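# Structure at a glance
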Amino acid sequence: MLVENSTIWETRIQCVDFLLTASAGDRNELYYLATVCQLSLDPILISIAPNPEYPICEVIQEAGSFGLHAVPANRGDLVARAFALAANDPDKFRGFAFE
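Residues numbered from 1 in each chain as written. Predicted model: local features only at pLDDT ≥ 70, side-chain atom pairs only at ≥ 80, totals over all residues. Heavy atoms only, no water.

Right, let's talk about the side chain of N28 for a bit. By secondary structure assignment, the location of N28 is in strand 2 (residues 27-33). Here the side chain of N28 touches S23 through a polar contact of 2.7 Å, side chain to side chain. With near-sequence residues (within four places) excluded, N28 lies in contact with A22, S23, P90, D91, K92 and F93. (Helix = DSSP H or I, 4+ residues; strand = E, 2+ residues; numbered from the N terminus. Polar contact = N/O pair within 3.5 Å; in protein donor to acceptor, adjacent residues only side chain to side chain. Contact = heavy atoms within 4.5 Å.)

Before going further, it helps to spend a moment on the environment of A24. With respect to the element layout, A24 can be found in strand 1 (residues 17-24). Once the C-alpha coordinates of A24 and A63 are considered, the two residues, 39 residues apart in sequence, prove to be 5.3 Å apart.

Here we come to the nonpolar core. Formed by F18, L20, A22, A24, Y31, L33, V36, I56, V59 and I60, the largest nonpolar core amounts to ten residues. The set of elements that each furnish at least two residues to this core consists of strand 1, strand 2 and helix 1 (55-63). A per-element tally of this core places strand 1 first, with four residues. Sequence-distant contacts of V59, defined by excluding residues within four places in its chain, comprise A22, S23, A24, R27 and E29. Membership of the second largest hydrophobic core comes to eight residues, among which are L19, L30, L78 and V79. (Core = buried A, V, L, I, M, F, W, Y, C linked by side-chain atoms within 4.5 Å. Buried < 20%, exposed > 50% of the residue type's maximum accessible area, 1.4 Å probe, protein only.)

What follows deals with the sheet that holds strand 5 (residues 67-71). Within the open sheet, the three strands sit side by side as 2-1-5. Their pairing is antiparallel. Because the sheet does not close on itself, it has two edges, and the strands there are strand 2 and strand 5. Each adjacent strand pair in this sheet contributes to an overall mean axis angle of 20 degrees, direction not counted. The pairing of strand 1 with strand 2 spans seven bridges and is classified as antiparallel. Each bridged residue has a counterpart across the sheet, and for L19 the counterpart in strand 2 is Y32. Taken strand by strand, helix 1 contacts strand 1 and strand 2, and its axis lies near 55 degrees from that of strand 1. Docked against the sheet, helix 2 (residues 76-84) engages strand 1, strand 2 and strand 5, running at close to 120 degrees with respect to strand 2. (Pairing = 2+ DSSP bridges. Axes fitted to C-alpha atoms, helices over the stretch in contact; angles between N-to-C directions.)

Next up on the list: the side chain of D89. With respect to the helices and strands, D89 occurs in the segment after helix 2. Setting aside residues no more than four positions away along its own chain, D89 makes contact with E29 and R94.

Here it is as structure tokens:
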């Protein structure tokens, strides 16, 4: 059953896993995010906090955009795979399928 919510707080979900993605040139970066905050619905604004020491920040800066993917509760394997990625791997999308 789909229930419409006006804020993230109405969902009563306390923790949602997200994967942050960005691409620029031949670099595909993927980063696990534990913190995504809704700031506004109109306009839609969110706050993210990736570690500035990780390469994804440079790629987001270069690309000017990023993707944010909510991970379903039954796909903890995606989170585990994201944690296992080497920080210096230039193609972190390998083996992932994003729709």
